[in-house]
Amino acid sequence: MATKKKTTAAKASDFGRYVRWFWIGFLGILTSIALIFLLASWGLLGEMPDYTVLENPKTNLATEIISADGKTLGKYYFDDNRTPVDYNELPANLIDALIATEDARYHKHAGIDAIGTLRAAFYLGKRGGASTISQQLAKQLFNRREGANTVQKLSQKIREWIIATRLERQYTKEEIIAMYFNIYDFGNNADGIRSAAKIYFGKEPMELEIKESAMLVGMFKNSSLYNPRPHRNPEGTKNRRNVVLEQMYKYGYLDKNVKDSLKLTELDLKYSPESHREGLATYFRAYLSDFMKQWIKDNPKPDGTKYSLYNDGLKIYTTLDSRMQQYAEDAVQQHMPNLQAEFDNQNTKERNPTTPFLDLKQAEIDALIKRSMRQSERWRKMKNDLGKTDEEIIASFEKPVQMEIFSWKGEIDTIMKPIDSMLYYKSFLHPGMMAMDPQTGHVKAWVGGMNYRHFQYDHVKQGKRQVGSTFKPFVYAAAMDELHLSPCDSLPRTPITIEAGRFGNPLPWTTRNSDGKYDGFQTLKSALANSTNTITARLMNQIGPQLVVDMAKKLGVEQKIDPVPAIALGTPDLSVYEMVAAYSTFANKGIYNTPVMVTRIEDKNGTVLYQVAPESKDVLSEEIAYVTVNLLEGVTQFGSGQRLRHNWAVNTPLYKEVITGYPYEFDNPIAGKTGTTQNQSDGWFMGMVPNLVTGVWVGAEDRSVHFKGIAYGQGATMALPIWALFMRSCYADESLEISKDEFVAPADLSIRVNCNLLPSPNTYTDDEDDLDNIIDF
């Protein structure tokens, strides 16, 4: 009996000992866990962000280029194409999809989901993980590298838990969701939700539909695996999207009918990659990059360090209007293929043995090709980077290589000798185009070429070419200002020679009229409209070239111009940028505005770092400016630009095949000037309405590549159609409010502008009674 009682007592003692050891062990485990978390929070298990870092987590933010109408034109970035958005810029369906799929109890925990964690531990992760949105954000921000072994993975998970709870104390639930969407890499340069929405669907995040939001949320699982592009994994991405839709239905965010119908739909991507060489306004963005690099050099941060164009999340607010930029690029894309097709047709090997060159001997062509080789990127790389000899580099141009070449029908993958590709590219005609508001100087459209990926040379500001007759208004404006002339004054068309030495010209200078006629008289308005060279030469002879050079400089021309008589016919090489700014002075009542491309720059927090200070100066009296505009209106009324108005040539081959978009049938006031240089190497058209001035140039890289005849090679054929197509689109978009009004005359106009003009095409006469005021210089 005693033995039995002792056994019971022993058992009780043993049980008590077990309980004691259990609690010791349990408390030991809790203490160990607490110690581990404490050590982790101190950073002994790996680097931990302090509260200052949590307040400002470091992320690389792309610089965003914003148009005048609030659209993103492009971005500058190295690795991260990220532009953050606020929570209120996210649609409800996107937030619902995220919570339903990633963290259904998001609003019920403080960073760690205890229920999910226990479930994951009990089932060893086989029924889903336990990471909350806050934990996933913590991993994206501070702990991206995956642990190599179990210990490292556990250490990493502990740090994520601690950071998640700190994030929950530091930020609101809404801010955490926005940060998570902004930090995630959706692949294909789509860093953050704004880039992802734009690249995959061509939308801002707020515009996303339910199925689009579901696809993007589905990519959180693994954006490399669930890549929707056709050559990657569209089917897997669609299946993953449908899982998200099921989750949204499960948690009450969608009803069954909507869920079932959306699951049957395709992804409907509108994939539009964002890169420096693609998208809208590529040439302008290249110019802007240089502008920003200089601005960054001149404007350090308060702490003395430099801003990063690629990582600091700057916002550049520009004057370009995305709609007008699109219309300008569309106009180029419509006209240039037609013009190029005609040029190629006229320059087959049978018709032109030295194609694409004209008027050159073979020795001259060989020398030109050698110069081009030495100026090429291929030569630079092989010489500077690889240390090749000249002979080795020249030999490499004769070895066929795989390459992708440009064509108007699409890019072509081919095998070609570099020397042949060089000749191929020299056959292309190139455009340059700029549009500007003359009252503000704000540049509204900038097209520096036809394809930035293949042709990086900018024909708006970088390129300078002979301007031809588009220079004549500078002569006329200077003459009217100096001699107090009227558009109605008439001069003889007879030949004139400026003797050697009169204005520093070493030889006598005589000009010819393009129509070969020299009899009779012609009003100044008719003479400018029809580019009568002898009358322009008479004006030059009276006022001298220095006065014209001074006028051009006051109008913003930056290039050096020699004061010789020949400049009257447009021999100077000027840029489209300079010409548009100069013509804008006429439309702006004689006030020159320096062109403005950037209105302000902000940092990522919205602090204004730069605000434009407009620059303007009085160049001409309002009266002379208006009279010059009146002269230029004659060009489109009865001169070389009248094809903007008529429709009678609709069935002629030239108009059907090359004058793209004809008939235009504009009936509003338009001032303009065509320009064609020697041998048709350059074609220009400058066009003005009261609140928009646009200049267009077309020509080949080498001046020896050109149309043989004036009908196809003149500015009215090469450049004017681009202006007409652009303006037609601008007028169709009434939101742009492009003026169709008359140019406003000064209240005290004293110069006569309403002339007794003869009808086109015979705009000159032998009968002095037909003309108002004959002047014989």
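Residues numbered from 1 in each chain as written. Predicted model: local features only at pLDDT ≥ 70, side-chain atom pairs only at ≥ 80, totals over all residues. Heavy atoms only, no water.

*Asks:* Explanation requested: the sheet that holds strand S21 (residues 773-774) in the structure shown.
*Replies:* By definition, the strands of a sheet pair up through backbone hydrogen bonds, in either a parallel or an antiparallel sense. With respect to topology, three strands assemble into an open sheet ordered S12-S9-S21, the strand pairing being mixed. Both outer strands of the open sheet, strand S12 (521-523) and S21, are each paired with one neighbouring strand and no more. Bridging between strand S9 (residues 489-492) and S12 involves three bridges; their strand directions are antiparallel. Across the sheet, residue serine 490 finds its bridge partner in S12, namely threonine 523. Of the strands in this sheet, S9 and S12 touch helix H20 (residues 533-543), which is tilted by about 100 degrees from S9. (Pairing = 2+ DSSP bridges. Helix = DSSP H or I, 4+ residues; strand = E, 2+ residues; numbered from the N terminus. Contact = heavy atoms within 4.5 Å. Axes fitted to C-alpha atoms, helices over the stretch in contact; angles between N-to-C directions.)

*Asks:* It is not clear to me how the sheet that holds strand S6 (residues 429-436) should be interpreted in this structure. Could you clarify?
*Replies:* The sheet built from five strands is open, its strands ordered S7-S6-S20-S19-S18 with antiparallel pairing. Both edges of this open sheet fall to strand S7 (443-447) and strand S18 (671-676), since each of them pairs with a single strand only. Looking at each pair of strands side by side, their axes are set apart by 5 degrees on average, direction ignored. Of the strand pairs in this sheet, S18 and strand S19 (residues 682-689) are connected by six bridges, and their pairing is antiparallel.

*Asks:* Looking at this structure, I do not really get the side chain of threonine 319. What am I missing?
*Replies:* Topologically, threonine 319 is positioned in the loop between strand S3 (315-318) and helix H13 (322-346). If near-sequence neighbours (up to four positions away) are discounted, threonine 319 is found in contact with Ala68, His442, Val443, Lys444, Val596, Met597, Val598 and Thr599.

*Asks:* Explanation requested: the state of the cysteines in the structure shown.
*Replies:* Disulfide: a covalent bond connecting the sulfur atoms of a pair of cysteines. With the rule as written, the count across this model stands at one disulfide. Note that cysteine 488 is cross-linked by a disulfide to cysteine 755, the S-S spacing being 2.0 Å. Here the S-S torsion is close to -85 degrees, and the disulfide linking cysteine 488 with cysteine 755 is therefore left-handed. Of this pair, cysteine 488 sits in the loop between helix H18 (472-483) and S9 while cysteine 755 sits in the loop between helix H27 (720-732) and S21, and the two are 267 residues apart along the sequence. Cysteine 755 shares its class with cysteine 488; the two are buried. (Disulfide = S-S within 2.5 Å. Buried < 20%, exposed > 50% of the residue type's maximum accessible area, 1.4 Å probe, protein only.)

*Asks:* Looking at this structure, how should I read the packing of aromatic side chains?
*Replies:* Aromatic ring pairs: the centre-centre distance and the angle between the two ring planes describe each pair. Within the structure shown, the criterion is met by 33 aromatic pairs. Here the guanidinium or amino end of lysine 259 rests over the ring plane of tyrosine 249, the centre of that ring lying 4.7 Å away. Geometry around tyrosine 317 places arginine 600 over its ring, the cationic atom sitting 3.7 Å from the centre. (Phe/Tyr/Trp six-rings, centres within 6.5 Å; stacked < 30°, edge-to-face > 60°. Lys NZ or Arg CZ within 6 Å of the ring centre and 35° of its normal.)

*Asks:* Hey, could you run me through the pairing of strand S16 (residues 608-611) in this one?
*Replies:* Each regular strand shows side chains that alternate between the opposite faces of the sheet. In this sheet, S16 lies alongside strand S15 (residues 598-602) in antiparallel orientation, the contact comprising three bridges. Looking at the pairing, glutamate 602 lines up with valine 608 of S16. The hairpin formed by S15 and S16 contains five residues between the paired strands, and glycine 606 there has a positive phi angle of roughly 90 degrees.

*Asks:* What should I look at first to understand the environment of isoleucine 162 in this one?
*Replies:* Inspection of the secondary structure puts isoleucine 162 in helix H6 (residues 150-170). When the C-alpha positions of isoleucine 162 and glutamine 135 are compared, they lie 8.8 Å apart, and in sequence the two are 27 residues distant.

*Asks:* I tried to follow helix H21 (residues 545-554) on my own but got confused; where do I start?
*Replies:* Given 3.6 residues per turn, any residue in an α-helix points the same way as the ones three and four places further on. Along H21, the positions that sit buried rather than exposed are Pro545, Val548, Val549, Met551 and Ala552. Each buried residue of H21 lies within a common arc of 160 degrees when the element is viewed along its axis, so the set occupies one face. The secondary structure elements touched by the buried residues of H21 are H18 and H20. A positive backbone phi angle near 100 degrees is found at glycine 556, which sits one or two residues after H21. (Arc of directions from axis to C-beta.)

*Asks:* Looking at this model, I keep getting lost on the nonpolar core. Mind explaining?
*Replies:* Here is a general trend for soluble globular proteins: nonpolar side chains tend to be buried in one another's company. Within the largest apolar cluster, 150 residues are counted, with the highest numbers of intra-cluster contacts made by Trp446, Phe471, Phe474, Phe586, Met688 and Phe726. With 44 residues, the next largest nonpolar core counts Ile95, Phe201, Leu216 and Val217 among its residues. (Core = buried A, V, L, I, M, F, W, Y, C linked by side-chain atoms within 4.5 Å.)

*Asks:* Hey, could you run me through the pairing of S15 in this one?
*Replies:* For S15, the buried fraction is high: four of the five residues fall into the buried class. As paired elements, S3 and S15 share four bridges and run antiparallel to each other. Bridge assignment links threonine 318 to a residue of S15, and that residue is valine 598.

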